[in-house]
Amino acid sequence: MNNKKPIIELKNVKKIYKMGNVEVPALNGVSMIVNRGEFIAIMGPSGSGKSTLMNMVGCLDVPTIGNIFLDSKDISKMTESDLAQVRGRKIGFVFQKFNLLSTLTALENITIPMMFQNVDVEKRNKRAIELLSLVGLEERANHKPSELSGGQQQRVAIARSLANDPEVILADEPTGNLDTKTGKEVIETLNRLHDEGKTIIMVTHDPNVAKFAQRVVLIKDGMISSNHKESV
């Protein structure tokens, strides 16, 4: 569902990294609106700036020039501590390599984001069990990542991304380390979350994955080269 209200807006965002005396532009004047409840895929060749764009939207970095608004608040001038609080409340992350802590169980991995928001232990564990049930892994609550398949690990990572009930899910190559069948199951999980009203922003190199999104944003040489609705 999409009620056409922006949840994220980038205005003339430029990001320049300094390598010694050399300036390397990663984004070169990107403007983009993400409406609440959209499912967007970001695509582009290696080095195009798509990961930098994801970092900007995810409050993991701030622009050199330009503004980024999340729920009408300008995050581009925030301190790192303020950005961390915004990330924790508003945004959930799903990574290609899962990024689960190997020494913790599935349930314990899911509780970590809630710890940083000072949620008490009983509520954390109750929420983690609910989320494991949501992704069909409640029987794996006490299993560590090494005891889970790749697809199961990614579903735990999706559950973790939902721990603080964020409005936006950022998925960076969520099927990149999975076989086709397992990757499809992960995309179906993201689709279900989108149907429930979550805003999904996904970086992918795979056109077969991107077709599940409502809109595909192509980025090349640090600029948006195409921004179109999918027909499927």
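Residues numbered from 1 in each chain as written. Predicted model: local features only at pLDDT ≥ 70, side-chain atom pairs only at ≥ 80, totals over all residues. Heavy atoms only, no water.

1. Section: the pairing of strand 3 (residues 39-43)
- Here strand 3 lies mainly inside the structure; five of its five residues are buried.
- Of the two faces of strand 3, the one holding Phe39, Ala41 and Met43 and the one holding Ile40 and Ile42 are both buried throughout.
- Bridge count for strand 3 against strand 8 (residues 199-203) is four bridges, and the pairing is parallel. Bridging across to strand 8, Ile42 finds its partner in Val203.
- Direction of pairing for strand 3 relative to strand 9 (residues 215-220): parallel, over a ladder of four bridges. Its bridge partner lying in strand 9, Ala41 is registered against Val216. (Buried < 20%, exposed > 50% of the residue type's maximum accessible area, 1.4 Å probe, protein only. Helix = DSSP H or I, 4+ residues; strand = E, 2+ residues; numbered from the N terminus. Pairing = 2+ DSSP bridges.)

2. Some thoughts on the packing of aromatic side chains
- Applying the stated rule across the entire model yields one aromatic pair.
- Judged by centre distance (5.9 Å) and plane angle (5 degrees), the ring pair of Phe93 and Phe95 falls under stacked.
- Phe93 gets classed as buried once you look at its relative accessible area, which sits at 16%. (Phe/Tyr/Trp six-rings, centres within 6.5 Å; stacked < 30°, edge-to-face > 60°.)

3. Considerations on the packing of helix 3 (residues 106-116) against helix 4 (residues 121-134)
- Contact geometry of helix 3 with helix 4 gives a least axis separation of 9 Å together with a crossing angle of 125 degrees. Taken as axis vectors, helix 3 and helix 4 run oblique relative to one another. Judged by the sense of rotation from one axis to the other, the crossing of helix 3 with helix 4 is right-handed. Taking contact as the criterion, the partners of Ala106, Leu107, Ile110, Thr111, Met114 and Met115 in helix 3 are, on helix 4, Arg124, Asn125, Arg127, Ala128, Ile129, Leu131 and Leu132. (Axes fitted to C-alpha atoms, helices over the stretch in contact; angles between N-to-C directions. Parallel < 35°, antiparallel > 145°, perpendicular 65-115°, else oblique. Left-handed = near helix turned anticlockwise from the far one by under 90°. Contact = heavy atoms within 4.5 Å.)

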